Amino acid sequence: MATDIRDTAHAVESSAVMGLLPARPRLLALGEPTHGEDTLLDVRNELFRQLVEQEGYGTIAIESDCMMGLVVDDYVTGGTGALDDVMERGFSHGWGASAANRELVRWIRTYNADRPVSERLRFAGFDGPLEITGAASPRQSLTALHDYLSARVDTDLLPCSADTLDRLLGTDDRWTEPAAMTDPSRSVGQSAEARELRLLADDLVALLDTQTPQLFTAASRDDWDRARLYGRTATGLLRYHFWMADASPSRLTRLVSLRDSMMAGNLLALAERGPALLHAHNGHLQRARSAMRMGSLPVEWWSAGAIVSAQLGEEYAFLATALGTIPHRGVDVPAPDTVEGQLYALPEDRYVIDARRLATALTGAQPVPRVSPYFGYSPLDPAHLTGIDGIVFVKDIPPS
């Protein structure tokens, strides 16, 4: 019997999501096809709330700077400070201005208020300290790792002093030069100082690994986990800056690949800690190869989700968000021969869709890829349906 599209659709609830999966995955990812729309984040917040309360997920991680995310984690797990300050210092990419993100932080702190430390919901950013226009200085992560080790291991084991790091790092504006994104010659990433810093960062990470038994007794597991984050971030940033200074045709492919590799490292570390919910652009979480145009150049790479899925198997699950219209962005009612057009014809405003059953239902229809007039929105690729565990469909997006 042919599958009716209506039979693939369910209410947007945690039980519907779990019904699509063979078991609770360690990492459950929800993607979005565009950034900056609070309607999509409101849907995320409600679904994640249910998954935390009903399925026991212990961390919520989003596409934001992993170092800045520590500010939010400290706050929601009982730290002091003002919410306004946390929103300003705890998010990258301008996400702190979002009312939905503010509500997420407020809810996590309230959820944790009466819970013992071991049961508190954690927050994390899993992106590197990167923007599409450039990368941060490695100073914060590299010096934080050095500080952690210098307080806990013999000084003779350290590969350098803090003064040496400071001298090699120089001023931060050398690293954040805006022109370096389009002009490799303006990047400091392949200077003699940067090359030496890469070696020192590698030695510091190796020291962290070799001293693990001692470090576990000298401080908490959380402190050690943060030190590992510092190490991943420092080495990742230095590697990213190195390739920013590269002038070969593969430069942009390397950069976007390295960014998602940094994301994947952070996600795998979260998976070690326990079940986590993830939120980012579909392109960072999908199993299929990701693609976009940067200027006139097409770029393809393996996303963080693809890397993590290859290693975790069924312990990783991916829900893609699809949408119908964003009128204020010029995205009108989708054509009926697209996946979004088929879903738009359903009567309700929001659904969780069984993606693989939908692929079966559409076999004879052969949906075509939707073309967006708005560069910031990426429609669902029909060819990806069989690699998606589910679709969260939102019919219309009003202005935030």
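Structure: see above.
Within each chain, residue numbers correspond to sequence positions counted from 1 in written order. It should be noted that, the model being predicted, local features are given only for residues of pLDDT at least 70 and side-chain atom pairs only at 80 or more, the latter also being counted only at that level, while totals for whole chains, interfaces and linings use all residues. Side-chain measures were taken over the full set of non-hydrogen atoms in the model, leaving aside hydrogen atoms and water.

A. Representation of the layout of surface pockets. When its volume is computed, the largest pocket comes out at roughly 1400 Å³. Taken together, 43 residues line the largest pocket, and the ones lying closest to its centre are His281, Ala291, Met292, Phe375 and Ser378. Just so you know the grouping, Ala, Val, Leu, Ile, Met, Phe, Trp, Tyr, Cys and Pro go in nonpolar, Asp, Glu, Lys and Arg go in charged, and all remaining residues, Gly too, go in polar. Grouping the constituent residues of the lining of the largest pocket by class yields 21 nonpolar, 14 polar and eight charged. The space that makes up the second largest pocket amounts to roughly 430 Å³. Site definitions follow a grid-based scheme: protein atoms alone, a 1 Å grid, a 1.4 Å probe that fits but cannot get out for cavities, and for pockets an open set with protein on both sides within 12 Å along at least five of seven lines, plus lining residues having an atom within 4 Å of a point. Grid points are joined across faces, edges and corners, and a volume is the space filled by probe spheres set on the points.

B. Geometry of the nonpolar core. In these notes, a set of buried Ala, Val, Leu, Ile, Met, Phe, Trp, Tyr and Cys residues joined through side-chain atoms within 4.5 Å is what counts as a nonpolar core. Buried means the residue's accessible area, taken with a 1.4 Å probe over protein chains only, is under 20% of the maximum for its type, while exposed means over 50%, and partly exposed covers the values in between. Within the largest apolar cluster, 43 residues are counted, with the highest numbers of intra-cluster contacts made by Leu28 and Ile60. Of the residues forming this core, the biggest block, six residues, is contributed by helix H2 (residues 38-55). Core analysis: the second largest hydrophobic core is formed by 37 residues, Ala280, Tyr316, Ile353 and Leu385 among them. Here a helix means four or more residues in a row that DSSP labels H or I, a strand means two or more in a row labelled E, and each is numbered from the N terminus.

C. Representation of the packing of helix H6 (residues 139-150) against helix H8 (residues 192-210). Running from amino to carboxyl end, H6 crosses H8 at an angle of 40°, the nearest separation of the two axes being 11 Å. It follows that H6 is oblique to H8 by the angle criterion. Crossing handedness for the pair H6 and H8: left-handed. Residues Leu142, Leu145, His146, Tyr148 and Leu149 of H6 form the contact with H8, whose own contacting residues are Leu197, Ala201, Leu204, Val205, Leu207 and Leu208. In the contact of H6 with H8, the residues fall into ten nonpolar, one polar and no charged. The convention used is that axes are lines fitted to C-alpha atoms, helices contributing only their stretch in contact, and that angles between N-to-C directions extend from 0 to 180 degrees. Any angle that is under 35 degrees is reported as roughly parallel, and any over 145 degrees as roughly antiparallel; angles of 65 to 115 degrees are reported as roughly perpendicular and all others as oblique. By convention, the crossing between two helices is left-handed when the near helix turns anticlockwise from the far helix through less than a right angle, and right-handed when the turn is clockwise. By the convention used here, residues are in contact when the closest approach between their heavy atoms is within 4.5 Å.

D. Spatial organisation of the pairing of strand S2 (residues 27-32). Within S2, six of the six residues are buried, which leaves it mostly tucked inside the rest of the structure. Across the two faces of S2 the burial is the same, with Leu27, Ala29 and Gly31 and Leu28, Leu30 and Glu32 all buried. Strands are labelled as partners when DSSP assigns at least two bridges between them. Of the strand pairs in this sheet, S2 and strand S7 (residues 276-281) are connected by six bridges, and their pairing is parallel. From the neighbouring strand, Leu28 faces S7, where its bridge partner is Leu277. In this sheet, strand S10 (residues 316-325) lies alongside S2 in parallel orientation, the contact comprising four bridges. Bridge assignment links Leu27 to a residue of S10, and that residue is Tyr316.

E. Layout of empty space enclosed by the protein. With the rule as written, the count across this model stands at one cavity of 30 Å³ or more. If you add up the space inside the largest cavity, you get close to 310 Å³. Around the largest cavity sit 21 residues that line it, and Leu70, Ala124, Leu229, Leu270 and Arg273 are the ones nearest its centre. At the level of secondary structure, the elements contributing two or more residues to the lining of the largest cavity comprise helix H3 (69-76), strand S4 (122-127), helix H10 (221-244) and helix H11 (251-273). Here the element with the most residues in the lining of the largest cavity is H10; it accounts for seven residues. Partitioned by chemical class, the residues of the lining of the largest cavity number eight nonpolar, three polar and ten charged.

F. Examining the pattern of salt bridges more closely. The rule for a salt bridge is simple: a side-chain nitrogen of Lys or Arg has to be within 4 Å of a carboxyl oxygen of Asp or Glu. If you walk through the whole model with that rule in mind, you get 23 salt bridges. For Glu46, the salt bridge goes to Arg49, with nearest N and O atoms at 2.6 Å. Here the residue Glu46 and the residue Arg49 both occupy positions in helix H2, the gap between them amounting to three residues, near one helical turn. By relative accessible area, which is 35% here, Glu46 ends up partly exposed. Accessibility expressed as a relative area gives 25% for Arg49, which makes it partly exposed. The partner of Arg228 in a salt bridge is Asp225, and the shortest N-O contact between them spans 3.7 Å.

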